[in-house]
Amino acid sequence: NNNTNNNNDNNHNNNDEDDDGEKDGEHLGFPFPSSGSEVFVGGLARDAVEADLRKVFRPIGRIFSIRVVRERDTKECRGYGFVTFQTPKEAKEALRQSESLQVSGKPVRVKMSESKCRLYVGGLPRDLTQREFESIVSEDGPIRAIEMLQDAFDASKNKGFAFVEYTTHEDAARALKRMSRPTFMIKGKVPHPEWAEPKEEVDEDVMKDVKSIYVRNLPHPFPESEMRDLFIKYGAIEKVVLPGEATGQKWKNFGFVYFTERDAALVAVEQANNMYVRDRKIEVTLARPCDRPRPSPSEFRRGSGRDAPRLSGRGGGGGGGGG
């Protein structure tokens, strides 16, 4: 969906909102919550303020931020707002209690926010590096993750597209608008930005015993020995799996590291995520439990060539192999 002006009331609208709401966990320096941590709150009175929502939602869970959406001119509440919790679990609890919630004595509607933060950017120059791309897209706001795939036959070139995930919908919408201008170019080429579906989240209860990590955006070549050397400082390693190398098939840009202790995996995620390895910023997350590590077949879009991604699903393949 390339339309940034979504009229559904549970999607953010960047052009008509003033974000001057008081923050909670954000002001305390907490990391930005994962997708699925935000709820939409509708049916608010015209004079509603952030403090009104805080009184109702703070007993439910730890709040990262609250924003009441206001009219640009009058600053009156437009009848809805957003509450971002620190975890998806707390957002789900707010949804569970939604039928009994009232703000300033008025019943409200609560549902999961559908704001998008992730963009697909095609038409990129093949010699563009990830550092160069990051410097361009970060002008619109803080970046949560970037994925730029290397060409399987020439490691000095990319595949002509990348995914970028912002921490807020507003920043992503601003970037989409800026890169969609006819005059906007990257190294003399006009890029083709579109919305990409957010990565699928896995329930916290499913992830609580995971001791392995998923490492994406690896440079090529990247042998198992180098992967082991990179992560052994975080704890004892049971095994390393690099799907492309292990099977002799086409190089994959991701792999898995299985630690013997969960604490080692957690430290690796905290310290190695967004670290640069040979001019490429790697993404390190806990691996998602599944039968075996494998790339996602939904990552390729029909009719657009073998290296073109679908604008849906998790993006970048892989993500399994936990446990």
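Just so you know, these numbers come straight off a predicted model, no measurement behind them.

Colleague: Describe the overall build of the chain, and please don't skip the residues or the numbers.
Modeller: Along the backbone of the chain there are eight helices and 16 strands. Counting the 323 residues in the chain, one finds 51% classified as buried. A sequence separation of at least 24 residues applies to 72% of the contacts in the chain between residues at least 6 apart.

Colleague: Residue-level account of the nonpolar core, with values.
Modeller: Core analysis: the biggest nonpolar cluster contains 23 residues, and Ile213, Val215, Met227, Phe231, Val257, Phe259 and Ile282 have the highest contact counts within it. With four residues, helix H8 (residues 262-272) is the largest single contributor of residues to this core. What Ile282 contacts, discounting residues up to four positions off in sequence, is Val215, Arg216, Asn217, Leu218, Leu230, Phe231, Ala272, Asn273, Asn274, Met275 and Val277.

Colleague: Describe the sheet that holds strand S10 (residues 192-195), naming the residues involved and giving the relevant values.
Modeller: By definition, the strands of a sheet pair up through backbone hydrogen bonds, in either a parallel or an antiparallel sense. Taken together, the four strands give an open sheet; going across it, the order is S8-S9-S7-S10, and neighbouring strands pair in antiparallel fashion. Lying at the two open borders of the sheet, with one neighbouring strand each, are strand S8 (143-150) and S10. Across the sheet, the mean angle separating the axes of adjacent strands is 20° when strand polarity is ignored. Pairing geometry for strand S7 (residues 118-122) and S10, over four bridges, is antiparallel. Following the sheet pairing, Leu119 is matched in S10 by Trp195.

Colleague: So, empty space enclosed by the protein: which residues are in play, and what are the values?
Modeller: Counted under the stated rule, the structure contains one cavity of 30 Å³ or more. Surrounding the largest cavity, 10 residues form its lining, Arg118, Ala145, Glu147, Phe163 and Arg216 being those nearest its centre. The set of elements that each furnish at least two residues to the lining of the largest cavity consists of S8 and strand S9 (158-166). Looking at the lining of the largest cavity residue by residue, the class counts come to four nonpolar, no polar and six charged.

Colleague: Lay out the environment of Glu165 with the relevant residues and their values.
Modeller: Tracing the backbone through its elements, the reader meets Glu165 in strand S9. Taking the C-alpha atoms as reference, Glu165 lies 4.2 Å from Arg118; in sequence the two are 47 residues apart.

Colleague: Go over the pattern of salt bridges with me, naming the residues and quoting the values.
Modeller: Applying the stated criterion to the full structure yields 16 salt bridges. Between Arg178 and Glu139 there is a salt bridge, and its shortest N-O distance comes to 3.3 Å. Here Arg178, found in helix H4 (residues 169-179), pairs with Glu139, found in the loop between helix H3 (130-137) and S8; they are 39 residues apart in sequence, far enough to count as distant. Given a relative accessible area of 14%, Arg178 falls into the buried group. Using a relative accessible area of 58% as the deciding quantity, one classes Glu139 as exposed.

Colleague: Let's hear about the pairing of S7: which residues, and what values?
Modeller: Counted residue by residue, S7 has five buried out of five residues, so it is predominantly covered. Residues Arg118, Tyr120 and Gly122 line one face of S7 and the alternating positions Leu119 and Val121 line the opposite face, and both faces are buried. Across five bridges, the pairing between S7 and S9 is antiparallel. Paired with Tyr120 across the strands is Phe163, a residue of S9.

Colleague: Could you give an account of the pairing of strand S11 (residues 212-216), naming the residues involved and the relevant values?
Modeller: Of all the five residues making up S11, five are buried; the element is thus mostly covered by neighbouring parts of the structure. Neither face of S11 is exposed, since Ser212, Tyr214 and Arg216 on one face and Ile213 and Val215 on the opposite face are all buried. In terms of strand pairing, S11 meets strand S16 (residues 283-286) through four bridges, oriented antiparallel. Paired with Tyr214 across the two strands is Thr285, which belongs to S16.

Colleague: Describe helix H1 (residues 50-57), with residues and values.
Modeller: Most of H1 sits out of view: six of its eight residues are buried. Looking at H1, one finds that the buried residues are Glu50, Asp52, Leu53, Arg54, Val56 and Phe57. Considering only its buried residues, H1 is in contact with strand S1 (38-42), strand S2 (63-70), strand S3 (77-85), helix H2 (88-96), strand S4 (102-103) and strand S6 (109-112).

Colleague: Tell me about unusual backbone geometry, and please be specific about residues and values.
Modeller: A positive phi angle, near 65°, is found at Lys75, a position not held by glycine. Among the residues examined, Lys75 registers a relative accessible area of 42% and is labelled partly exposed. If you check the backbone angles, Ser104 has positive phi at about 55° while not being a glycine. Structurally, the position occupied by Ser104 is in the loop between S4 and strand S5 (106-107). On the basis of relative accessible area, Ser104 is assigned to the exposed category, the value being 57%.

Colleague: So what's going on with the packing of aromatic side chains? Residues and values would help.
Modeller: Per the stated rule, a full pass over the model turns up 11 aromatic pairs. An aromatic cluster of three or more residues is present, and its members are Phe40, Tyr80 and Phe82. The lysine or arginine in question, Arg131, covers the ring of Tyr276, its NZ or CZ lying 3.6 Å from the ring centre. Sitting over the ring of Tyr258, Lys239 keeps its end group 4.7 Å from the ring centre.

Rules used in this analysis
- Residues numbered from 1 in each chain as written.
- Predicted model: local features only at pLDDT ≥ 70, side-chain atom pairs only at ≥ 80, totals over all residues.
- Heavy atoms only, no water.
- Helix = DSSP H or I, 4+ residues; strand = E, 2+ residues; numbered from the N terminus.
- Buried < 20%, exposed > 50% of the residue type's maximum accessible area, 1.4 Å probe, protein only.
- Contact = heavy atoms within 4.5 Å.
- Core = buried A, V, L, I, M, F, W, Y, C linked by side-chain atoms within 4.5 Å.
- Pairing = 2+ DSSP bridges.
- Axes fitted to C-alpha atoms, helices over the stretch in contact; angles between N-to-C directions.
- 1 Å grid on protein atoms, 1.4 Å probe; cavity = no way out; pocket = protein on both sides within 12 Å on 5 of 7 lines; lining within 4 Å.
- Points joined across faces, edges and corners; volume = space filled by probe spheres on them.
- Nonpolar A, V, L, I, M, F, W, Y, C, P; charged D, E, K, R; others polar.
- Salt bridge = Lys/Arg side-chain N within 4 Å of Asp/Glu carboxyl O.
- Phe/Tyr/Trp six-rings, centres within 6.5 Å; stacked < 30°, edge-to-face > 60°.
- Lys NZ or Arg CZ within 6 Å of the ring centre and 35° of its normal.

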